[in-house]
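In case you want the letters, here they are:
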Amino acid sequence: MTRQLVLPQADAIDSQRTRTTIVTATSRLARELRAQHDRARIAEGRRTWRDPDILPFGAWLVRLWRDWLYSGAQLRPVQLLGPAQERAIWEDIIRESVEGSELLDVGATADAATDAWKLACAWRLPLDAPEWNDANDSEAFRGWVGRFLERSEQQGWLPGALLSQFIRDRIDEGSITPLDRLVVAGFIELTPADELLFASLRARGVQLEERTDDTTASEAARVALIDQETEIRASARWARRQVEEASSTDCRIGIIVPDLGQYRRPIERIFAEEFHPTGALAPDHDAERAFNISLGSALADYPVIDAALAVLEMDPNDIGVDAASRLLRSPFIKGAARERTRRALLDAALGRAREPRLEVMTLLRLGSGPTGRFACPELIANLARWNEAWAELPHRQAPSEWAVSLSGLLEAVGWPGDRALGSAEYQAISVWKELLAELAGLDGVAGRVDIGGALDALGRLAAGRQFQPESALAPVQILGVFEASGLRFDHLWIMGMHDGAWPRSRGPNPFLPLRLGRQLDLPQSSPRRELEFAKRLTGQLLRSAPDVVVSHPLREADADLRPSPLFADLPVVDPAALGLPSAPPYVETLRLSSRIEVVQDHDAPAWEGALARGGTAIFTHQAACPFRAFAHIRLGAKSLDAPEPGLSALDRGILIHAILERVWARLGSHEALMSAGADELGTLIRAAVRAEISEMAPARRVLRQARFAGIEQARLEQLVAGWLEQEKARIPFTVLALEQERQINVGGIDLAVRADRVDRLADGTLVVIDYKSSERSPSDWDGDRPDEPQLPLYATTTAEQLSGVLFGILETGGTRFRGLACSEGIVPGVKPRKRDRPLHDAIEDWRGVLDRLGRDFREGKARVDPKKPGETCRYCSLSSLCRIGESATLSEDAEGRDG
């Protein structure tokens, strides 16, 4: 039977002689009925009236329990368990059981067991029924229930699932005095436990009413839309039209969505675009909106709470750089506004350090000092206090003590900051304090725990608490199917009603015996049962408003969808018949209404004087894209470095260069290499690798781990030994310079250039070598825009004759030379160029190309002109600055307007 509330007359509710309580199926319905009562009293012209006694069913039971508890009728203390306490008990029982030792996720099992326990209590499943032995899962669950009840009896605990039975027993024995009149509203069905409770109330003389609404059949229609996105947008535009055409400000419009939690994000985005398009330019979650989504996000997802959890999860001795970066960028740490720029610079410095994990002392050291780019005295003072508070934490203590300690850590670090909090943030912090109180309430069930256990419990509470900031009453209410139970609307849209979503397809609880569930007609026990329930709920929804639209998408991914059979008989209307307003997105409207003038300005101011900053990178960037050179070198625009786990490619390259420098500083020539024995050479390589790893270790935590350092030692020894075998196959040479830097001028630009190694051959000519850890080709030096101009820069500014310009490739898959040589045999695998273009001709070509690139840079030529658009732009971080993706569109728009 559908039970929808017709409110009793005002005199009946306001009467002091008759105690009337209205119990609702949902909290939302209770709020709506209170608001409805208040509006009615205002319409009657009243200035004062009695507040109606309207409560959700669960809150009503808790109130009865508290009345009994404070009446003095109890013979022994009874503690009503909250959801967090019950879950902790279930998790403890499961973990201690034989079955629990085989589980991978005890927490998830505890959640499923808690759901099974609630169903078993609500539907009064007999624990002595033989069906419990049908499956191992149900048999194990019955054992857990026995231990749960035994522990509850010993400790004086009252599980929440047994509260209805407990209240009924107290009513039967006369220790709870029943009220005069009880009205129930919005219940689709009552569980056997609740039916027995109401029967006890009737037996004690309570007037119990289950009011049905006399609403006539609604005008309902069905519409099919191409996909979910189109369906959501159509419902939003339909709701906007209803609001615009409403003759009363009290117009109530409902949007009902099955599985609202799954679709919350696209629904919020699309409704915001339709109702508040300017919000895309200045988002403000505290603003009063025309729509309200009943299902809030998890409390842990709100930024102010996420910041608190991030602080609490930090370990002073092992902080992830991402966590440190979030701390530095967070507006919820005291002094954030005043030190915003310096904290951002400190964040960038952490990225340049290329260290994925760090200690708090590193942050304290970098941010200390009264002056300097990274000086953040307020942040450092906060972190120092937090570090001291963290060091004083005990190893284990009660959850209530952890609630105090964790609050102290947040206070020490300056959370939630010193700026004015918005309404949503203030409310979220209030709920956070409630979570800390729930954590404290675990004392009696969890015992003493370490900080990890306390944080796990707190994080679970924050992730499980749905939070929706309170706001002004909105005309459009977006609800889940069950939240709409008992509510009335002026207009209603029910979306997503395809055959895969409604009736819902849910399997039975795995911990409850299937045979027993079907005998007692438990929810989810059979398709027949679910269909009957869905029919009752469907009928209630269709009678919830005089004007109802039911929609469903025709496709989802690659699957074709059909309407739910429960709505298949509704008349079908074409989407165009709904009269939905059509308008382009607000951003597109702004773009189309603007007058865009395209100015082709590719030249920056010329650079006066010589330039040293940037080095050879000036030529690399200018060849790749002139704008990149201008932005990187002259504007200083560059992306933030991102630390990598282990050693980065840059770190590995630094190690290889330094090791080979040590080795060749010791050997000095090809002759010494050939005369060194295998043992001597192995000892030399081993010592060089060990020395460089030890030198880098203070700055790289991963190298301070013996196992990782050992693996890296072996890898580098093998790589260097393989490279020296390549060197042995060369003609005789003497090492002339190692990592030697010299000043040059190319294209009017002064810069420093360095070669990894310069060798002198027996004929007096030179060979220049640049080590690389990945494949390179001499074609990287060709053309008007060379990819690797470093060696050409060195070669063109060397006065002595060159016999070879070479890449030395050292990678795990093999070592080899690549490049140009004047004659065969100088190095293995490199042959001279064709007769018509020997090495000295290539050097002359390079000189002209490099002079032009230098002049272009000095003259300010900064066109957005990538050498290979797809490849050059793939790893470039300047696309938001150069706006290469927009340039063609803007040019086309301008041409269209001119035409």
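Below is a summary of the structure that appears in this document. (Residues numbered from 1 in each chain as written. Predicted model: local features only at pLDDT ≥ 70, side-chain atom pairs only at ≥ 80, totals over all residues. Heavy atoms only, no water.)

**What about the sheet that holds strand S2 (residues 54–56)?**
- Strand order in this open sheet of four strands is S2-S1-S5-S6, and the pairing throughout is parallel. Every other strand in the sheet has two partners, leaving S2 and strand S6 (207–210) as the edge strands with one partner each. Each neighbouring strand pair of the sheet contributes to a mean axis angle of 25°, computed without reference to strand direction.
- Examined bridge by bridge, strand S1 (residues 20–24) and S2 share three bridges and lie parallel to one another. Paired with Ile-22 across the strands is Ile-54, a residue of S2.
- Each of S1, S2 and strand S5 (181–185) touches helix H2 (residues 27–43); the most contacted strand, S2, lies at about 170° to it.
- Here helix H3 (residues 57–70) sits on the sheet in contact with S1, S2 and S5, set at roughly 105° to S2. (Pairing = 2+ DSSP bridges. Helix = DSSP H or I, 4+ residues; strand = E, 2+ residues; numbered from the N terminus. Axes fitted to C-alpha atoms, helices over the stretch in contact; angles between N-to-C directions. Contact = heavy atoms within 4.5 Å.)

**Quick look at helix H21 (residues 527–542)**
- Compared with the 22 Å implied by 1.5 Å per residue over 16 residues, the 22 Å span of H21 between its first and last C-alpha is a close match.
- Inspection of H21 places Arg-529, Glu-530, Phe-533, Ala-534, Leu-537, Thr-538, Gly-539, Gln-540, Leu-541 and Leu-542 among the buried residues, and these make up the whole buried set.
- Buried residues in H21 make contact with strand S7 (219–225), strand S8 (253–256), strand S15 (491–494) and strand S16 (547–553). (Expected span 1.5 Å × (residues − 1). Buried < 20%, exposed > 50% of the residue type's maximum accessible area, 1.4 Å probe, protein only.)

**A short note on the sheet that holds S16**
- Strand order in this open sheet of six strands is S7-S16-S15-S8-S14-S9, and the pairing throughout is parallel. Each edge of the open sheet carries a strand with a single partner, namely S7 and strand S9 (291–293). The sheet shows a mean angle of 15° between the axes of neighbouring strands, direction not considered.
- Taken together, the seven bridges between S7 and S16 define a ladder with parallel strand orientation. Within S16, the position partnered with Ala-224 by the bridge is His-552.
- Each of S8, S9 and strand S14 (476–479) touches helix H10 (residues 260–275); the most contacted strand, S9, lies at about 165° to it.

**Some words on the packing of aromatic side chains**
- Evaluated as defined, the whole model comprises 24 aromatic pairs.
- Between the aromatic rings of Trp-90 and Phe-141, the centroid separation amounts to 5.9 Å while the plane-to-plane angle is 5°, which identifies the pairing as stacked. With a gap of 51 residues between them, Trp-90 in helix H4 (residues 83–96) and Phe-141 in helix H6 (residues 136–155) connect regions that are remote in the sequence.
- Classification of Trp-90 by relative accessible area gives buried; the value is 0%. (Phe/Tyr/Trp six-rings, centres within 6.5 Å; stacked < 30°, edge-to-face > 60°.)

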